[in-house]
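Notes for the structure review
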Amino acid sequence: MWNKAIELSSKSHPGPVVHISDNPMDEGKLLIGFECGIVVLWDLKSKKADYRYNYDEAIHSVAWHHEGKQFVCSHSDGTLTTWNVRIPAKPAQIITPHGKQPKDGKKPEPCKPILKVEYKTTRAGEPFMILCGGLSYDTVGRRACLTVMHGKSTAVLEMDYSIVDFLTLCETPYPNDFQEPYAVVVLLEKDLVVIDLAQIGYPIFENPYPLSIHESPVTCCEYYADCPAEIIPALYSVGSKQKRQGFSKKEWPVSGGNWGQGTLSFSEIIITGHADGSIKFWDASALMLQVLYKLKTAKVFEKPRSKEEKSSTDIVDEDPFAIQILSWCPESRVLCVAGVSAHVIVYRFSKQEVTTEVVQLLEVRMQCEMNEVESPEGGGEQASAVSTPGTSSSPQTSLPQSHPSTSSNNSSDGLRDNVPCLKVRSSPLKQSPGYQVELLIQLVWVSGEPPQQITSLAVNSAYGLVAFGNGNGLAVVDYLQKTLLLNMSTAELYGSTDPHHRQPRSPRKARQPSAGFCDGNDASATPEERCKSPTSAKISRKINMIADQKDDARDNSFSRSRSSSVTSIDRESREVVSSLYFCDSLSKKSETLAVPSLWVGTSLGGMMAITLNVPSTPEQRMQQPVSVSFCGSVVRLKGGILRMAQLDASGTLLPHVYEPWHEPNAPEEEREPPRRRRPTSPPSSQENQDCQYIVVCSEKQAKVVALPSQNCVYEHNITEASFVLRADVVTMTSGVGLACFCANGHIMTLSLPSLRPLLDVNYLPLTDMRIARTFCFSNQGQALYLTSPTEIQRITYSQETCDNLQEMLGELFTPVETPEAPNRGFFKGLFGGGAQSLDREDLFGEVTAGKASRSLAQHIPGPGGMEGMKGAASGVVGELARARIALDERGQKLGELEERTAAMMSSADSFSKHAHDIMLKYKDKKWYQL
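Residues numbered from 1 in each chain as written. Predicted model: local features only at pLDDT ≥ 70, side-chain atom pairs only at ≥ 80, totals over all residues. Heavy atoms only, no water.

Phe281, Leu335 and Tyr435 are the most contacted members of the largest nonpolar core, which has 35 residues in total. Not counting the four nearest positions on each side in its chain, tyrosine 435 is found in contact with Leu235, Phe281, Tyr293, Leu295, Trp328, Arg333, Val334, Leu335, Tyr347, Arg348 and Phe349. In terms of nonpolar packing, the next biggest core, distinct from the first, is built from 28 residues, Leu362, Met366, Leu443 and Tyr479 among them. (Core = buried A, V, L, I, M, F, W, Y, C linked by side-chain atoms within 4.5 Å. Buried < 20%, exposed > 50% of the residue type's maximum accessible area, 1.4 Å probe, protein only. Contact = heavy atoms within 4.5 Å.)

Shown next, in the form of structure tokens:
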């Protein structure tokens with residue numbers, strides 16, 4: 001019926017229909033908009049077109065005035081045409097919102113198409129006309145905009161992403177009343193924005209629903225379940241002060257839906273590290289993620305103003321501040337992060353705002369050359385105690401503007417040496433309440449070769465130490481005294497018991513000592529005086545940049561992996577420190593009392609122990625150095641070490657040692673003395689009696705080793721054909737287990753300490769490297785990973801959580817009372833004004849279904865002739881033939897029915913006869929004779 005709608009004389013199809021709506025005041029009038037520029041007002045009762053409106057430009061959308069006397073069309077040339085319903089000849093008004101009006105009265109220059117327009121009226125003022133698109137063609141590169149026209153004012157609101165659709169929120173749901181708009185909901189490609197129309201400047205509402213979990217690509221992710229109860233309120237209190245200004249003062253207007261009644265009994269926090277150096281803390285205790293706090297680590301460094309000013313010391317092409325590894329202690333609120341530019345930052349939590357004049361800086365020179373290994377100071381054995389390379393308790397600070405590593409630390413042949421990858425901020429750093437920088441550690445260039453990226457990281461608040469490792473070795477830093485305790489290659493950690501035959505490469509004559517910390521305040525000191533270390537090695541290895549880092553810089557699949565397990569796909573031959581763990585343990589066979597220790601796992605399956613002599617009192621801790629001693633190799637496994645944990649004699653997981661949180665910026669008189677909290681200490685070990693277990697999991701197998709005897713009591717080969725990507729020792733309601741995620745997609749759980757397989761599920765294949773980079777387990781049977789750049793998938797292997805899942809689900813739709821319909825008024829009812837309802841059932845219901853409209857078939861005189869009569873006659877003959885066949889089939893079916901009826905009667909007679917015979921047989925017998 002398209003030709004009847006646009007005109008019977010039209011022979012060409014009008015094209016797609018872009019709009020259909022009924023008149024707000026008369027539901028029997030339907031407005032149909034064709035893309036070609038034709039609009040038709042169709043009468044549903046008479047099935048005829050009342051009016052037709054023609055315009056030269058294509059139509060994209062149509063909007064009604066609430067009185068039903070006018071409507072507005074948006075066109076492809078950026079114009080808006082306003083039409084009176086009863087005057088179809090020409091539009092009542094033509095405007096180009098963003099077009100330049102020429103002075104000579106000519107038509108304005110064409111603009112981009114207006115994709116959608118909405119026309120909303122108010123009782124007390126001018127109507128609102130809201131549209132998207134229509135910008136001038138000379139605005140190249142301008143972001144998508146939403147235009148709000150109110151009276152003589154026109155406001156253009158730029159959006160961060162392309163506009164998909166928008167909807168105006170009004171006070172009434174009835175289209176035939178004054179709309180009174182108060183907000184506009186704008187759906188963008190990656191966000192949802194709600195604009196407040198009632199306030200000057202049209203501010204946006206603060207969005208409580210984060211559709212995108214990040215503003216920058218996620219590079220690492222950690223999941224903490226069963227956290228301390230006070231940590232979420234603490235993060236929320238400091239995060240609420242970070243809120244940007246300029247938001248609407250009203251509450252979020254979308255209020256539909258109800259939360260589920262069931263909740264988890266423990267709190268959960270997700271921490272995401274991003275490519276721009278930011279870190280976000282999320283509350284995952286409910287079904288919806290809620291941002292608690294955001295930390296920007298890039299504020300510590302100087303940012304280049306342009307790409308041309310990019311430093312030549314950078315070791316990554318893009319995103320030099322990207323987060324690579326996270327280590328967090330929820331109890332002490334100490335956070336340690338490692339970035340892709342070979343830097344480590346230690347943060348402490350404070351509720352007070354401070355201004356840091358100079359960022360505490362420690363530079364570490366990590367290298368190892370097998371053929372020029374220097375013995376530690378004192379000439380002792382490798383297992384002897386090594387003291388800290390500096391007994392001064394004063395912080396080692398660095399002024400970036402006078403730092404010797406950034407000025408003249410290039411060797412005579414032009415090689416960069418003792419130069420960090422990033423330049424530290426020179427101006428004072430204002431640190432808001434929340435996480436504040438305690439210490440910045442940077443690895444420096446060595447003889448023209450860049451530092452290797454950090455592969456493992458651990459921090460302990462009870463000891464005041466942070467440890468990190470890479471392909472060159474291990475470094476341990478005292479972040480309280482700001483000194484370097486240990487800087488050794490993995491070969492030196494083994495000592496004389498090194499099981500590997502290492503091939504030394506061609507040596508390069510080192511111009512500087514091997515490693516150490518740098519005091520930037522002593523600018524006159526020579527490099528030899530500034531960099532010292534008791535444990536030095538002099539091999540320099542070039543860092544191997546990931547090949548696809550440039551191809552997918554925004555995703556950076558494996559270039560920012562958390563552990564050596566991810567790099568196992570392209571593993572290098574050198575031994576890398578892949579896992580670190582601080583604990584109180586019996587690291588030596590002769591020990592009978594647990595002492596502070598550091599366990600070190602490597603990518604070749606070696607696990608070594610280092611004991612730490614930490615001063616006991618707080619005063620001694622800040623004045624005396626921490627000494628270390630080496631215990632050698634404890635156990636070896638197949639594949640790289642991924643996870644280490646500690647159990648007591650009964651197989652219960654021992655919690656890590658920590659110092660309870662206290663306000664670091666409190667005045668001296670209010671500051672509480674630090675209280676070191678230890679796990680439940682095991683009983684003193686008697687001779688030939690083990691009282692501790694260590695759990696070590698690698699890419700191929702898991703072992704449980706008894707201490708102090710160091711005997712392997714349990715062993716399990718997890719996989720042979722594949723390898724483990726992530727492993728965690730988790731606490732469940734019924735005990736402790738080892739959870740593993742393999743590269744072939746299997747999720748496995750093992751009991752502890754017996755290592756019996758409990759679960760093996762082929763969950764998902766490793767189709768995306770993002771899954772391997774972000775997969776992590778947590779306590780209470782929880783796990784998560786990123787399925788896409790904007791989606792977190794949370795899974796559970798706990799039956800308790802599965803049983804409560806239905807109760808946790810909320811309701812999306814809730815019943816709301818419909819507001820009262822607008823009053824029609826006496827005069828409108830008397831003279832026929834006001835809205836007219838239409839019973840759609842009379843038009844489209846079953847009563848009229850199948851009946852053709854009388855107006856569709858009309859007699860039009862024309863040349864009929866004999867051919868038309870022959871056609872009609874043949875049609876009648878065909879109908880008679882079909883009727884005869886139908887009668888024959890009906891008769892056949894009646895005959896079959898008679899036969900079945902006779903068979904049923906015969907069966908009934910036979911049944912009656914047999915019943916009568918049985919009755920006669922037992923008629924005269926007693927009951928006991930039956």
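With that settled, consider the pairing of strand β37 (residues 701-707). For a regular strand, side-chain orientation follows a simple rule: the groups alternate between the two sheet faces. Judged by how many residues are buried, β37 sits mostly within the fold: seven of seven residues are covered. Burial along β37 is two-sided: Gln701, Lys703, Val705 and Leu707 and Ala702, Val704 and Ala706, pointing in opposite directions, are all buried. The pairing of strand β36 (residues 692-698) with β37 spans six bridges and is antiparallel. Residue pairing for β37: isoleucine 694 is matched across the bridge by valine 705. Where β36 folds back onto β37 in an antiparallel hairpin, the turn is made up of two residues. Relative to strand β38 (residues 711-717), β37 is paired through six bridges, and the arrangement is antiparallel. The partner of valine 704 across the bridge, within β38, is tyrosine 714. Remark: three residues form the turn of the hairpin made by β37 and β38, two consecutive strands paired antiparallel; glutamine 710 in that turn has positive phi of roughly 60°. (Helix = DSSP H or I, 4+ residues; strand = E, 2+ residues; numbered from the N terminus. Pairing = 2+ DSSP bridges.)

Another aspect to go through is unusual backbone geometry. Note the cis peptide between leucine 707 and proline 708, where omega equals 10°. Inspection of the secondary structure assignment puts proline 708 in the loop between β37 and β38. With an omega of 5°, the peptide bond between leucine 752 and proline 753 qualifies as cis. Checked against the element boundaries, proline 753 lands in the loop between β41 (746-751) and β42 (757-762). For glutamine 710, which is not glycine, the phi dihedral falls at a positive 60°. Its location among the elements puts glutamine 710 in the loop between β37 and β38. A residue is classified by how much of its surface remains accessible, and glutamine 710, at 18% relative accessible area, is buried. For leucine 755, which is not glycine, the phi torsion reads 60° and is therefore positive. Owing to a relative accessible area of 4%, leucine 755 belongs among the buried residues under this scheme.

It is worth spelling out the sheet that holds strand β14 (residues 181-188) at this point. With antiparallel pairing, the three strands of this open sheet are ordered in space as β13-β14-β15. With partners counted over all chains shown, the strands left at the sheet margins are β13 (163-170) and β15 (192-196), one partner each. Direction aside, neighbouring strands of the sheet carry axes that sit 20° apart on average. Of the pairings in the sheet, the one linking β13 to β14 comprises seven bridges and is antiparallel in character. Across the sheet, aspartate 165 pairs through a bridge with leucine 187, a residue of β14. (Axes fitted to C-alpha atoms, helices over the stretch in contact; angles between N-to-C directions.)

Time to look at helix α2 (residues 231-239). One turn of an α-helix holds 3.6 residues; hence residues three or four places apart share an orientation. Along α2, the positions that sit buried rather than exposed are Ile231, Ile232, Ala234, Leu235, Val238 and Gly239. Buried residues along α2 cover an arc of 165° about the axis, so they all sit on one side. The inward-facing, buried residues of α2 abut β17 (268-274), β18 (278-283), β19 (290-296), β20 (323-329), β22 (343-350) and β26 (434-443). (Arc of directions from axis to C-beta.)

Let us look at the packing of aromatic side chains. Evaluation of the coordinates by the stated rule reveals 19 aromatic pairs. Consider the rings of tyrosine 53 and tryptophan 83, whose centres lie 5.6 Å apart with planes at 65°: the pair is edge-to-face. Residue tyrosine 53 is located in strand β4 (residues 48-54), and its partner tryptophan 83 is located in strand β7 (residues 80-84); the two are separated by 30 residues in the primary sequence. Classification of tyrosine 53 as buried rests on a relative accessible area of 1%. Seen from their ring centres, tryptophan 64 and phenylalanine 71 are 5.7 Å apart, and the 65° between their planes marks the pair as edge-to-face. You'll find tryptophan 64 and phenylalanine 71 in the same group, each marked buried. Through a chain of ring-to-ring contacts, the aromatic side chains of Tyr224, Phe281, Tyr293, Trp328, Phe349, Tyr435 and Trp661 assemble into a single cluster. Taking the ring centre of phenylalanine 166 as reference, the NZ or CZ of lysine 116 above it sits at 4.9 Å. (Phe/Tyr/Trp six-rings, centres within 6.5 Å; stacked < 30°, edge-to-face > 60°. Lys NZ or Arg CZ within 6 Å of the ring centre and 35° of its normal.)

Under the counting rule described, the total for this entry stands at 16 salt bridges. Aspartate 160 is paired through a salt bridge with arginine 143; the nearest N and O atoms lie 3.0 Å apart. Here the residue aspartate 160 occupies a position in the loop between β12 (153-158) and β13, and arginine 143 occupies one in the loop between β10 (128-133) and β11 (145-150), the gap between them amounting to 17 residues. Between arginine 794 and glutamate 268 there is a salt bridge whose closest N-O contact spans 3.1 Å. Here glutamate 268 lies in strand β17 and arginine 794 lies in strand β45 (residues 791-796), a separation of 526 residues in the sequence. The network of salt bridges with shared partners includes Glu222, Arg643, Arg726 and Asp728. (Salt bridge = Lys/Arg side-chain N within 4 Å of Asp/Glu carboxyl O.)

Turning to the sheet that holds β12, a few remarks are in order. Read across the open sheet, the four strands follow the order β9-β10-β11-β12; overall the sheet is antiparallel. The open sheet has two edge strands, β9 (114-120) and β12, and neither has a second partner. The sheet shows a mean angle of 15° between the axes of neighbouring strands, taken without regard to direction. The pairing of β10 with β11 spans five bridges and is antiparallel. Across the sheet, cysteine 132 pairs through a bridge with leucine 146, a residue of β11.

On average, residues of the protein chain carry a pLDDT of 78, and 74% of them reach 70 or more. Highest mean pLDDT in the protein chain belongs to strand β21 (residues 334-339) (95); lowest belongs to helix α4 (residues 527-530) (36). Predicted confidence is poor over residues 371-408, with pLDDT under 50, and the contacts of this stretch with residues over four places away or in other chains come to 93 contacts. Note that residues 504-572 has pLDDT below 50 and, in this model, 210 contacts with residues that lie over four places away or in other chains. (pLDDT = per-residue confidence, 0-100.)

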